[in-house]
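Residues per chain, in single letters:
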Amino acid sequence: MIIALKIVFWGSLAALVHTYLLYPIIMHFLARGKSKSITIYNRKEELPKIIVLMAAYNEEKVLEEKIKSLLVQDYPKNKLHIYIGSDNSTDSTDSIIKDFHQNHTNITFIPFKTRQGKTGIINRLVKEASSIYPPEQDVIYLMTDASVMLQSDVCYHLIKHFKNPQMAIVDAHMIYSGISDNDISHSESSYLNAEVQLKNYESMVTQKMMGPFGGCYALRSTYYEPVPSNRLVDDFYIAMTALKNNGLAINSLDAKCYESVSHDMQSEYQRKKRIGAGNFQNLFSFLTLMNPFTALGVSFISHKVLRWKGPFFMICMLVSSCLLMVKGSELFKWLFYGQLVWYLLPPLLLQVFSAIKVPIKIMRSITYFNLMNIALLHGFFQFIGGIKTGIWQPVERK
């Protein structure tokens, strides 16, 4: 019994240390001296067609700027076609898109009278675009969100890698703005920037990057398969489907996009809960890819699966150390108390120091880490309860 409890504790700790610390360090070491892609298009070559696919729901605050960032792309104008679906928006989203549609022949606008969710919109846009531009090697889908602003050279820096016929996905380099030391935005930005680096290492080592960020990425049209309507994390489903079909996936640090991070803990918690539920949907959809004897399997387990199971590892550590403490272990008594301090002290200190307006980044980061794991656990129970629709409310961003 005691040996089993010790195995549970140390095994859970090892899993957390591996996914958050050892795996990134290993990938960083392996990536040294490597490059992502040797075979790329230069600007003078015949470049592929780009079909921009964007779902919009009540995006009046950012939509005009977003569409302009697409229209000014430094890419052949006759090869850039924009498809926008409005998900029964109730603000001025539709009228903004209509104005651009009337003045630009390369913009196709499809309004929806009932909510479809992002997945439903993208599936329909692909169907509409395919009737004019059938899926071929030289037809690339650019998936992007209304809240993400593109530098003028993003399209080229994404598409240049598709000269490699095996390239399925190229992710943009998301840069986060509007960061404050007084809320969760700093912690969120730090985590996302670490994810950018890790995906960059995976791109160089295996060319099997574990999913794009979703806000802006390119997909070879021949790798697209319709996403189930109840899927909550469509970008990861699309990416893993492409990898399952032997495609390659990398990111491009030259393709710079900008998005503001969330500042509100409650709305971010809801977003993480939704992503957590979607993660478990994808876990059970791609169990066959968890082969620890393949590069893809190692990355999938190390980067994603162990993190998704993180809340369960944390619970196992707390329970096993408590039971071992009860059985008289001095070491596990202090390990148990240490965990209580980890979970309870940071939010208390934040309350105290927030009252006197003194930010403590480390305490905020620990609180953020713990809450996001709770949200992931909450998402698991949402998944167990059944997910009938992929419709969700976007997070408000500054």
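Residues numbered from 1 in each chain as written. Predicted model: local features only at pLDDT ≥ 70, side-chain atom pairs only at ≥ 80, totals over all residues. Heavy atoms only, no water.

I would appreciate a short explanation of unusual backbone geometry in the present structure.
Excluding glycine, residues mostly have negative phi values, and the peptide bonds linking residues are mostly trans. Phi is positive for Asn58, close to 50°, though the residue is something other than glycine. Positioned with a positive phi, Asn246 is a non-glycine residue whose angle comes to about 70°. Within the fold, Asn246 resides in the loop between α7 (234-244) and β8 (248-260). Residue Asn246 is classed as exposed on the basis of its relative accessible area of 55%. (Helix = DSSP H or I, 4+ residues; strand = E, 2+ residues; numbered from the N terminus. Buried < 20%, exposed > 50% of the residue type's maximum accessible area, 1.4 Å probe, protein only.)

Please explain the sheet that holds strand β6 (residues 167-177) as it appears in this structure.
Across a sheet, paired strands are connected by hydrogen bonds in the backbone, their directions being either parallel or antiparallel. Here we have eight strands laid out as an open sheet, ordered β3-β2-β1-β4-β7-β6-β8-β5, and mixed in their pairing. Strands with a single pairing partner mark the edges of an open sheet, and in this sheet they are β3 (107-112) and β5 (149-150). As defined by bridge partners, strand β2 (residues 80-87) adjoins β3 across six bridges and the pair is classed as parallel. Within β3, the position partnered with Ser86 by the bridge is Pro111. Against the sheet, helix α3 (residues 93-103) touches β1 (49-56), β2 and β3, its axis set at about 155° to β3. Contacting β6 and β8, helix α6 (residues 185-205) runs over the sheet at an angle of about 155° to β8. (Pairing = 2+ DSSP bridges. Contact = heavy atoms within 4.5 Å. Axes fitted to C-alpha atoms, helices over the stretch in contact; angles between N-to-C directions.)

Would you mind showing me how to read a nonpolar patch on the surface here?
Together, Val17, Leu21, Leu22, Ile25, Ile26, Phe29 and Leu30 make up an exposed nonpolar region whose accessible area comes to about 600 Å². Among the structural elements, Leu22 can be located in helix α1 (residues 2-31). Look at Leu22 and you get partly exposed, because its relative accessible area is 41%. (Patch = residues over 30% accessible without salt bridge, like charges linked within 9 Å, V, L, I, M, F, W, Y side chains within 5 Å. Areas by Shrake-Rupley, 256 points an atom, 1.4 Å probe, with all protein chains shown as cover. Salt bridge = Lys/Arg side-chain N within 4 Å of Asp/Glu carboxyl O.)

What is the right way to read the environment of Arg220 from this model?
As for its placement among the helices and strands, Arg220 is situated in strand β7 (residues 216-220). Exposure remark for Arg220: the relative accessible area of 2% places this residue in the buried category. In sequence terms Arg220 and Ile140 are 80 residues apart; their C-alpha atoms lie 4.6 Å from each other. With sequence-adjacent residues up to four places away left out, Arg220 is seen in contact with Glu136, Gln137, Val139, Ile140, Phe162, Asn164, Pro165, Met167 and Ala168.

In this structure, what is going on with the layout of surface pockets? I would like to understand it.
Left-over empty space is what a probe sized like a water molecule reveals as it rolls over the atoms. The volume enclosed by the second largest pocket comes to roughly 290 Å³. What lines the second largest pocket is simply Leu13, Leu16, Val17, Tyr20, Met314, Met317, Gly338, Gln339, Trp342, Tyr343 and Phe369. Of all the secondary-structure elements, those providing two or more residues to the lining of the second largest pocket are α1, α10 (310-326) and α11 (330-355). Among the residues making up the lining of the second largest pocket, the classes are represented as nine nonpolar, two polar and no charged. (1 Å grid on protein atoms, 1.4 Å probe; cavity = no way out; pocket = protein on both sides within 12 Å on 5 of 7 lines; lining within 4 Å. Points joined across faces, edges and corners; volume = space filled by probe spheres on them. Nonpolar A, V, L, I, M, F, W, Y, C, P; charged D, E, K, R; others polar.)

Explanation requested: the nonpolar core in the structure shown.
The nonpolar side chains of a soluble globular protein tend to be buried, and buried together. Formed by 46 residues in total, the largest nonpolar core has its most connected members in Leu53, Tyr141, Met143, Ile169, Leu219, Tyr224 and Phe300. If one sorts the elements of this core by residue count, α7 sits on top with seven residues. In contact with Leu219, not counting residues within four places along its chain, are Ile140, Tyr141, Met143, Phe162, Ala168, Ile169, Tyr224 and Ile238. Residues Ile50, Ala146, Val154 and Ala255 belong to the second largest nonpolar core, which totals 42 residues. (Core = buried A, V, L, I, M, F, W, Y, C linked by side-chain atoms within 4.5 Å.)

For this particular structure, what's the right way to read α6?
Owing to its 3.6 residues per turn, the α-helix aligns residues three or four sequence positions apart on the same side. Its 21 residues give α6 an end-to-end C-alpha distance of 30 Å, which sits within 8% of 30 Å, the value for a rise of 1.5 Å per residue. Positioned one or two residues after α6, Gln207 has a phi angle of 55°, which is positive. (Expected span 1.5 Å × (residues − 1).)

I'm lost on the pairing of β1 in this one. Help?
Regular strands place side chains that alternate from one sheet face to the opposite one. Among the eight residues of β1, seven are classified as buried, and the element is accordingly described as predominantly covered. Sheet topology places β1 next to strand β4 (residues 139-144); five bridges connect them, and they run parallel. In the strand pairing of β4, Lys49 is matched with Val139. Note that β1 and β2 share seven bridges and pair parallel. Along β2, the bridge assignment pairs Ala55 with Gly85. Considered for its hand, the β-α-β crossover made up of β1, helix α2 (residues 63-71) and β2 is right-handed. (Right-handed = clockwise from strand over helix to strand, strands pointing away.)

What am I meant to see in the confidence of the model for the protein chain here?
Predicted coordinates in areas of low pLDDT are best not read in detail. Per-chain confidence: the protein chain averages 92 in pLDDT, with 95% of residues scoring 70 or above. For the protein chain, the element scoring lowest by mean pLDDT is α11, at 88; β4 scores highest, at 98. (pLDDT = per-residue confidence, 0-100.)

Explanation requested: empty space enclosed by the protein in the structure shown.
Under the criterion given, the structure shown has one cavity of 30 Å³ or more. Elements with a minimum of two residues in the lining of the largest cavity: α4 (117-130) and β4. Classifying every residue of the lining of the largest cavity by side-chain character gives four nonpolar, two polar and three charged.

Even after reading the chapter, I still don't get the pattern of salt bridges, so can you show me in this structure?
Two side chains bearing opposite charge may form a pair once their charged atoms approach each other closely. Inspection of every chain in the model, using the stated rule, returns 16 salt bridges. Between Lys163 and Glu45 there is a salt bridge; the shortest N-O distance is 2.8 Å. With Lys163 in the loop between α5 (154-159) and β6 and Glu45 in the loop between α1 and β1, the pair connects residues that are 118 residues apart, well separated along the chain. Lys333 is paired through a salt bridge with Glu330; the nearest N and O atoms lie 3.0 Å apart. Of the two residues, Lys333 and Glu330 both sit in helix α11, three residues apart, roughly one turn of that helix. Linked by salt bridges that have partners in common, Glu188, Glu268, Arg271 and Lys272 make up one network.

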